[in-house]
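Reading the structure
Residues per chain, in single letters:
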Amino acid sequence: MSQRFIPSHGGYRKLQSYQKAEIIYDATIYFVERFLAKGNRTIDQMVQAARSGKQNIAEASMASATSKETEIKLTNVARASLEELLIDYRDFLRISNIEEWAKEHRYAMHLRELVKEKGASYETFRKGIEHSDPAICVNVIIGLIKVTTSLLYQQILRLEEDFLKQGGLRERMTQARLASRRMPQ
């Protein structure tokens, strides 16, 4: 039997970056419905940026079967989309005259502990996300975005290392073809 050259792929639901991006998407839906005026053009932009973050992680994971380049590019698009969303949340803070939590803020430290929980979901952060005080809601979401963009950055570095070690599809195809030729008929 010949060597397989298409690696396992998908599995994005297991990625911490995807899990956090899904929470960010759901939190953004809650936020725009709760704190932004109907008809505000920012609503669509924020929802699309949050969606793009989540969807591009999934698409990158599926594309990894045949293109490491596409996987890396889409993972970076997810990161860029979440950065765009972060700017929108910071704009909200600035316009509303609300401060972003410093690293040492007690709520920020509590959030960092929650983020570390295995299997953290929207429920883990619901109290903060759905808080009546927009300062708490936005800062929790900002914290989640920072963590997720950091995870995506680390993911991109790992993808780069993997590519350097394992190569891409064409290299694997060639290796599989050569191995197939060496096998006794």
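See the structure above.
**So, the packing of aromatic side chains**
Going through the model one piece at a time under the given rule, you end up with five aromatic pairs. Their ring planes at 70 degrees and their centres at 5.0 Å tell us that tyrosine 12 and tyrosine 18 sit as a pair that is edge-to-face. For tyrosine 18, a relative accessible area of 5% puts it in the buried group. With a centroid separation of 5.5 Å and 40 degrees between ring planes, the pair formed by phenylalanine 31 and phenylalanine 35 is classed as tilted. Of this pair, phenylalanine 31 and phenylalanine 35 both sit in helix H1 (residues 16–35), separated by four residues, roughly a single helical turn. Both residues of the pair, phenylalanine 31 and phenylalanine 35, count as buried. Taken together through their ring pairs, the aromatic side chains of Phe31, Phe35, Tyr89 and Phe92 make up a single cluster. Stacked on the ring of tyrosine 25, the Lys or Arg lysine 54 has its end atom at 5.3 Å from the ring centre.

**Structural notes on the packing of helix H2 (residues 41–63) against helix H3 (residues 68–95)**
At a closest axis distance of 8 Å, the pairing of H2 and H3 adopts a crossing angle of 160 degrees. The orientation of H2 relative to H3 falls into the category roughly antiparallel. As H2 runs across H3, the sense of the crossing is left-handed. The segment H2 lies against H3, with Thr42, Gln45, Met46, Ala49, Ala50, Ser52, Gly53, Asn56, Ile57, Glu59, Ala60 and Ala63 engaging Thr70, Glu71, Leu74, Thr75, Val77, Ala78, Ser81, Leu82, Glu84, Leu85, Asp88 and Tyr89.

Calculation criteria
- Residues numbered from 1 in each chain as written.
- Predicted model: local features only at pLDDT ≥ 70, side-chain atom pairs only at ≥ 80, totals over all residues.
- Heavy atoms only, no water.
- Phe/Tyr/Trp six-rings, centres within 6.5 Å; stacked < 30°, edge-to-face > 60°.
- Buried < 20%, exposed > 50% of the residue type's maximum accessible area, 1.4 Å probe, protein only.
- Helix = DSSP H or I, 4+ residues; strand = E, 2+ residues; numbered from the N terminus.
- Lys NZ or Arg CZ within 6 Å of the ring centre and 35° of its normal.
- Axes fitted to C-alpha atoms, helices over the stretch in contact; angles between N-to-C directions.
- Parallel < 35°, antiparallel > 145°, perpendicular 65-115°, else oblique.
- Left-handed = near helix turned anticlockwise from the far one by under 90°.
- Contact = heavy atoms within 4.5 Å.

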